[in-house]
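Spelled out from the first residue to the last, the chains are:
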Amino acid sequence: MKKSLLIFSLLFITIACKKNYTTYNNVQAEASCGQCMFGMDGSGCDLAVRIGDENYYVEGTAIDDHGDAHADDGFCKAIKKVTISGEAANGKINISSFKINE
């Protein structure tokens, strides 16, 4: 009985600790307002990135941290090329670095 409990516990820990996110390191992406430019669900204006065919809302930096989002060249009116690093899961990416490519 103890052996079965130990095996079950180890199996449960293995499943619970399984990686359920994607890590991106210095990846080229597109950044813009998720609602205005990428057509993502939500209200207001929130920074998002597109990596390939996947869109993610950004955590760790905000849309207005990079200038006026509603200016002619702001994220609500333009899609910008960026280089990012972070971990993505559940439609969000926790940014560890975010650089707008000039």
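Reading guide: rules and limits
- Residues numbered from 1 in each chain as written.
- Predicted model: local features only at pLDDT ≥ 70, side-chain atom pairs only at ≥ 80, totals over all residues.
- Heavy atoms only, no water.
- Buried < 20%, exposed > 50% of the residue type's maximum accessible area, 1.4 Å probe, protein only.
- Helix = DSSP H or I, 4+ residues; strand = E, 2+ residues; numbered from the N terminus.
- Core = buried A, V, L, I, M, F, W, Y, C linked by side-chain atoms within 4.5 Å.
- Contact = heavy atoms within 4.5 Å.

(A) Spatial organisation of unusual backbone geometry. Phi at Asn26 takes a positive value of approximately 50 degrees, unusual for a residue other than glycine. Asn26 sits in the exposed class, given a relative accessible area of 57%. Although it is not a glycine, Asn90 adopts a positive phi angle of roughly 55 degrees. Within the fold, Asn90 resides in the loop between β4 (80-89) and β5 (92-100). On the basis of relative accessible area, Asn90 is assigned to the exposed category, the value being 76%.

(B) Spatial organisation of the nonpolar core. Counting 20 residues, the largest nonpolar core has Val49, Ile51, Ile84, Ile93 and Phe98 as its most contacted members. Of all the secondary-structure elements, those providing two or more residues to this core are β1 (22-33), β2 (47-51), β3 (54-59), β4 and β5. Counting residues per element, this core draws most heavily on β1, which supplies 5 residues. Not counting residues up to four positions away in its chain, the partners in contact with Ile84 are Tyr24, Asn25, Asn26, Val27, Ala29, Val49, Ile51, Ile93, Ile95, Ser97 and Phe98.

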